[in-house]
Amino acid sequence: MSLIFKRYSVRRFTDENVPDEKIENLLKAGMQAPSAGNQQPWEFIVVSDEEDKLAISGMHEYAKPAGNASHLIVTLGNLNECRFHMMIEQDLGACNENILLQATHEGLGAVWLGFHPIEDRVLKLKEYLNIPDYCIPFSVICVGYPAHEGEVKLRYDESKVHIDRY
């Protein structure tokens, strides 16, 4: 539980480069996520090129953190690897959360930028990164060392818990 309560969204990063081993650990954590029928539909594009990060940061109004991150992890859903297409968003959501938690464990900061299902965002990312039609660009996770320590706010709200029935 400590990782869950320690994790927060980081949108500003230092200039320090994240080592490849840590990025690989994030990907291993993502691939460890549960998926419908164990279909594991994920693929990833790791972006570290400055020009590419700046281009992605301009793809929508909330994508700005991509411009100053050490790395971006673009999570893709490979439709050719799916038996349960209707579950791909849940699979990739679990994958993303594992990556975010591992980032916290590694002493990194991260933020999940939504792309799918907003069509213009998806098309821009697909075109820019030359993503094949059978892959859905689900999100971009910005990763780096946090520029400052964030504050974690506990979100538990007992009024949202219903026992047995609504």
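See the structure shown above.
Residues numbered from 1 in each chain as written. Predicted model: local features only at pLDDT ≥ 70, side-chain atom pairs only at ≥ 80, totals over all residues. Heavy atoms only, no water.

**Quick look at unusual backbone geometry**
Worth spelling out the cut-off: Strands are runs of DSSP state E lasting at least two residues, helices are runs of H or I lasting at least four, and both sets are numbered from the N terminus onward.
Of note, the bond from H116 into P117 is cis; its omega dihedral lies within 30 degrees of zero at 10°. Mapping P117 onto the fold places it in the loop between β3 (109-114) and α5 (119-129). Look at Q40: it is not a glycine, yet its phi comes out positive at around 45°. Its identity as a non-glycine residue notwithstanding, N130 has a phi of 55°, on the positive side. With respect to the element layout, N130 can be found in the loop between α5 and β4 (135-144).

**Notes on the layout of surface pockets**
Using the following cut-off: Cavities and pockets were defined on a 1 Å grid built from protein atoms only: a cavity is a group of points that admits a 1.4 Å probe but offers it no way out, a pocket is an open group of points flanked by protein on both sides within 12 Å along at least five of seven lines, and a lining residue is one with an atom within 4 Å of any such point. Grid points are joined across faces, edges and corners, and a volume is the space filled by probe spheres set on the points. Three categories are distinguished: nonpolar for Ala, Val, Leu, Ile, Met, Phe, Trp, Tyr, Cys and Pro, charged for Asp, Glu, Lys and Arg, and polar for the others, with Gly belonging to the last.
Of the pockets and cavities examined, the largest pocket occupies roughly 250 Å³. Considering the residues around the largest pocket, the lining is formed by 13 residues, among which I4, R7, V152, K153 and R155 are closest to the centre. Of all the secondary-structure elements, those providing two or more residues to the lining of the largest pocket are α1 (2-6) and α4 (88-105). In terms of residue class, the lining of the largest pocket is built from 6 nonpolar, 1 polar and 6 charged. Lining the second largest pocket are 15 residues, and of these K6, Y8, T104, L108 and E149 sit closest to its centre. Secondary-structure elements contributing two or more residues to the lining of the second largest pocket are α4 and β3. When grouped by side-chain class, the residues that make up the lining of the second largest pocket number 8 nonpolar, 4 polar and 3 charged.

**Topic: the sheet that holds β3**
Operational definition: Two strands form a pair only when DSSP identifies at least two bridges running between them. Note on method: axes are straight lines fitted to C-alpha atoms, helices fitted across the in-contact stretch only, with angles between N-to-C directions ranging 0 to 180 degrees. Whether two residues touch is decided by their heavy atoms; if any such pair falls within 4.5 Å, the residues are in contact.
A sheet is described by the order of its strands in space; here 4 strands give the open sequence β1-β2-β4-β3, paired in antiparallel fashion. Lying at the two open borders of the sheet, with one neighbouring strand each, are β1 (42-47) and β3. Each adjacent strand pair in this sheet contributes to an overall mean axis angle of 25°, direction not counted. Pairing of strand β2 (residues 71-78) with β4 involves 8 bridges; the strand directions are antiparallel. Within β4, the position partnered with I73 by the bridge is I141. Helix α2 (residues 20-31) contacts β1, β2 and β4 of the sheet and is inclined by roughly 160° relative to β1. On top of the sheet, helix α3 (residues 50-57) reaches β1, β2 and β4; it is set at about 115° to β1, its chief contact.

**Considering the pattern of salt bridges**
Basically, it comes down to this: For salt bridges, the criterion is a side-chain nitrogen of Lys or Arg within 4 Å of an Asp or Glu carboxyl oxygen.
If you walk through the whole model with that rule in mind, you get 3 salt bridges. One salt bridge connects E50 with K53, and the closest N-O pair in it is separated by 2.9 Å. Of the two residues, E50 and K53 are both situated in helix α3; the distance of 3 residues between them amounts to about one turn of the helix. A salt bridge links K126 to D133; the shortest N-O distance between them is 4.0 Å.

**Overview of the pairing of β2**
We count it as follows: Type-normalised accessible area, obtained with a 1.4 Å probe on protein chains alone, sets the label of each residue: buried when under 20%, exposed when over 50%, and partly exposed for intermediate values.
Among the 8 residues in β2, 8 count as buried, and that is most of the element. The side-chain alternation of β2 yields two buried faces, one formed by H71, I73, T75 and G77 and the other by L72, V74, L76 and N78. In the sheet, β1 pairs with β2 via 6 bridges, with the strands oriented antiparallel. Across the sheet, V46 pairs through a bridge with I73, a residue of β2.

**Side note on the nonpolar core**
Worth spelling out the cut-off: Put simply, buried Ala, Val, Leu, Ile, Met, Phe, Trp, Tyr and Cys residues joined by side-chain atoms within 4.5 Å make one nonpolar core.
Grouped together as the largest cluster of nonpolar side chains are 22 residues, with contacts concentrated most on L26, F44, I73, I99, L108, I141 and V143. Listed by contribution, the elements that provide at least two residues to this core are α2, β1, α4 and β4. When sequence neighbours within four positions are dropped, the list of residues in contact with L26 reads I73, I99, Q102, A103, E106, L108 and V143. Core analysis: the next-biggest nonpolar cluster, separate from the first, contains 21 residues, F13, M59, A66 and C135 among them.

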